[in-house]
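Fold and contact review
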Amino acid sequence: MIFITAKFRVRPEYADEWPKIAAEFTSATRDEPGCLWFDWSRSVEDPTEYVLVEAFRDAEAGAAHVHSEHFRAAQRTLPPHLAETPRIVNATVPQDDWSLLGEMSVPEQN
């Protein structure tokens, strides 16, 4: 899968509204057949920073995402709300879902 993590620093006046601002893009991306997940989190240390964790089935699905109409629309509509260019880590990993973090194993609960 293609695994991507991106940090978006939002202009302070838009920080609380970012989930709504990105909602259409988020929904359309989640509906893509090759999208495994597309999840936003907000930093607990910096309220203007959002972290996007996303994954696509393979390179073909990643390319379809980047060439989609909703991606092109996001390229026009999201940057005016940002304080800086987002930072990204993009890697291909040989799995198709999350692995368990064995070092913090939780016993089964009844």
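Here, the structure is the one placed above.
Structural notes, computed from the coordinates. Just so we're clear, the structure is a prediction, and the values are computed from it rather than from any experiment.

1. What about the pattern of salt bridges?
A side chain with one charge can pair with a side chain of the opposite charge if their charged atoms come near. Applying the stated criterion across every chain, the model contains twelve salt bridges. Ionic pairing is found between Glu49 and Arg9, a salt bridge with its closest N-O pair at 3.2 Å. Taken together, the residues Glu49 in strand E3 (residues 49-56) and Arg9 in strand E1 (residues 2-9) connect sequence positions 40 residues apart. In this structure, the salt-bridge partner of Arg42 is Asp16, at a minimum N-O distance of 2.9 Å. Residue Arg42 is found in strand E2 (residues 35-42), and its partner Asp16 is found in the loop between E1 and helix H1 (18-21); the two are separated by 26 residues along the sequence. Classification of Arg42 by relative accessible area gives partly exposed; the value is 33%. The network of salt bridges with shared partners includes Arg9, Asp46, Glu49, Glu84 and Arg87.

2. Some remarks on helix H3 (residues 59-66)
Along H3, the residues classified as buried are Ala61, Gly62 and His65. Take H3 and look down its axis: the buried residues cluster within an arc of 100 degrees, on one side only. Turned more than 90 degrees away from the buried face of H3 sit Ala59 and Glu60, all of them exposed. Buried positions along H3 lie against helix H2 (23-30), E2, E3 and helix H4 (69-77). Where H3 begins, the capping side chain belongs to Asp58, and its oxygen is found 3.2 Å from the backbone nitrogen of Glu60.

Calculation criteria
- Residues numbered from 1 in each chain as written.
- Predicted model: local features only at pLDDT ≥ 70, side-chain atom pairs only at ≥ 80, totals over all residues.
- Heavy atoms only, no water.
- Salt bridge = Lys/Arg side-chain N within 4 Å of Asp/Glu carboxyl O.
- Helix = DSSP H or I, 4+ residues; strand = E, 2+ residues; numbered from the N terminus.
- Buried < 20%, exposed > 50% of the residue type's maximum accessible area, 1.4 Å probe, protein only.
- Arc of directions from axis to C-beta.
- Contact = heavy atoms within 4.5 Å.
- Polar contact = N/O pair within 3.5 Å; in protein donor to acceptor, adjacent residues only side chain to side chain.

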